[in-house]
Structure formats: C-alpha cells, structure tokens
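# Chain and residue survey
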Amino acid sequence: RDAQVAQSLNDVRSKLQTDPASLRDVLSIEPSYDKGSGQLLGYRLGPGKDRKLFGRVGLQRNDLVTAINGIALDDPTRAMALLNDLNSAKELTLTLQ
C-alpha cells in the first residue's frame, strides 16, 4: 500500500532471485520447535541489515511465521519446497503468531 515500501520489496525480490543468500540483508530466520514434542512450529523472524524495511512491512522481532500463502510451515521439507515456489508468487501472505 505504501509505494516506497512496495518498491523496496520489489528490489529485494529481484536481488533474491539472483542471490538467495541476500535474504540475510532483510531478515534473520530461525526454526522454532515445540519443546515437548519437537514438532516444527514455524520460523522466528528478526531484522537483517535493513531494520527499517523490516518494521515498515509490519514485522516485529521474534514474530513466529506459521504459514506462508496458507501453507503451514510445520514440516521442514514442505517449508523448503515452498521457498522455492515463492520465486513465481505475486503476493506473499504471512500467518504470524
């Protein structure tokens, strides 16, 4: 909705397509597991080098992403496959806890 944020996100997307490791510039990602069962709950997020962009898109440190575009992130294999599919996605919807 914010044109400047949208342009920044488009720039990030373009860079990620040629350099996937550049995701660290935007955010840090860490898997989060249930302490009792060991089940993957999702991924904790933190800001990367561009802390302003992280906040401007509405994210907060330690947000737990449990799904992307409606697909649960409770299985590491599915999560990795989903990340590969995101290259062609026009939108990105995160479910946060």
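Below or above, wherever it landed, is the structure these notes cover.

Before going further, it helps to spend a moment on the pattern of salt bridges. Tallied over the entire structure, the rule returns 4 salt bridges. A salt bridge links Arg 56 to Asp 2; its shortest N-O distance comes to 3.3 Å. Of this pair, Arg 56 sits in helix H3 (residues 51–56) while Asp 2 sits in the segment before helix H1 (3–18), and the two are 54 residues apart along the sequence. The class of Arg 56 is partly exposed, set by a relative accessible area of 40%. If you follow the salt bridges from partner to partner, you end up with Lys 15, Asp 25 and Lys 49 in one network.

What follows deals with the pairing of strand S3 (residues 64–68). Each regular strand shows side chains that alternate between the opposite faces of the sheet. By the criterion of burial, S3 is predominantly enclosed, with 4 of the 5 residues buried. The sheet contact formed by strand S2 (residues 40–47) and S3 spans 2 bridges and is antiparallel. Bridge assignment links Arg 44 to a residue of S3, and that residue is Leu 64. Looking at chain direction, S3 and strand S4 (residues 71–72) are connected through 2 bridges and run antiparallel. Bridge pairing in S4 places Ile 68 opposite Ile 71. Counted along the chain from S3 to the antiparallel partner S4, the turn is 2 residues long, and its residue Asn 69 has a positive phi close to 50°.

With that settled, the discussion passes to H1. Helix length check: H1, at 16 residues, gives a terminal C-alpha distance of 23 Å against a target of 22 Å (1.5 Å per residue), a fit within 8%. Backbone nitrogen of Gln 4 and a side-chain oxygen of the N-cap are separated by 2.9 Å at the start of H1; the cap is Asp 2.

Moving on, we get to the pairing of strand S1 (residues 27–33). The pairing of S1 with S2 spans 7 bridges and is classified as antiparallel. For Ser 32, the partnering residue across the bridge sits in S2 and is Gly 42. Counting the residues between successive antiparallel strands, the hairpin from S1 to S2 contains 6 residues, one of them, Gly 38, with a positive phi of roughly 80°.

Thresholds applied
- Residues numbered from 1 in each chain as written.
- Predicted model: local features only at pLDDT ≥ 70, side-chain atom pairs only at ≥ 80, totals over all residues.
- Heavy atoms only, no water.
- Salt bridge = Lys/Arg side-chain N within 4 Å of Asp/Glu carboxyl O.
- Helix = DSSP H or I, 4+ residues; strand = E, 2+ residues; numbered from the N terminus.
- Buried < 20%, exposed > 50% of the residue type's maximum accessible area, 1.4 Å probe, protein only.
- Pairing = 2+ DSSP bridges.
- Expected span 1.5 Å × (residues − 1).
- Polar contact = N/O pair within 3.5 Å; in protein donor to acceptor, adjacent residues only side chain to side chain.

Functional significance is not addressed by these values, which are geometric in nature.
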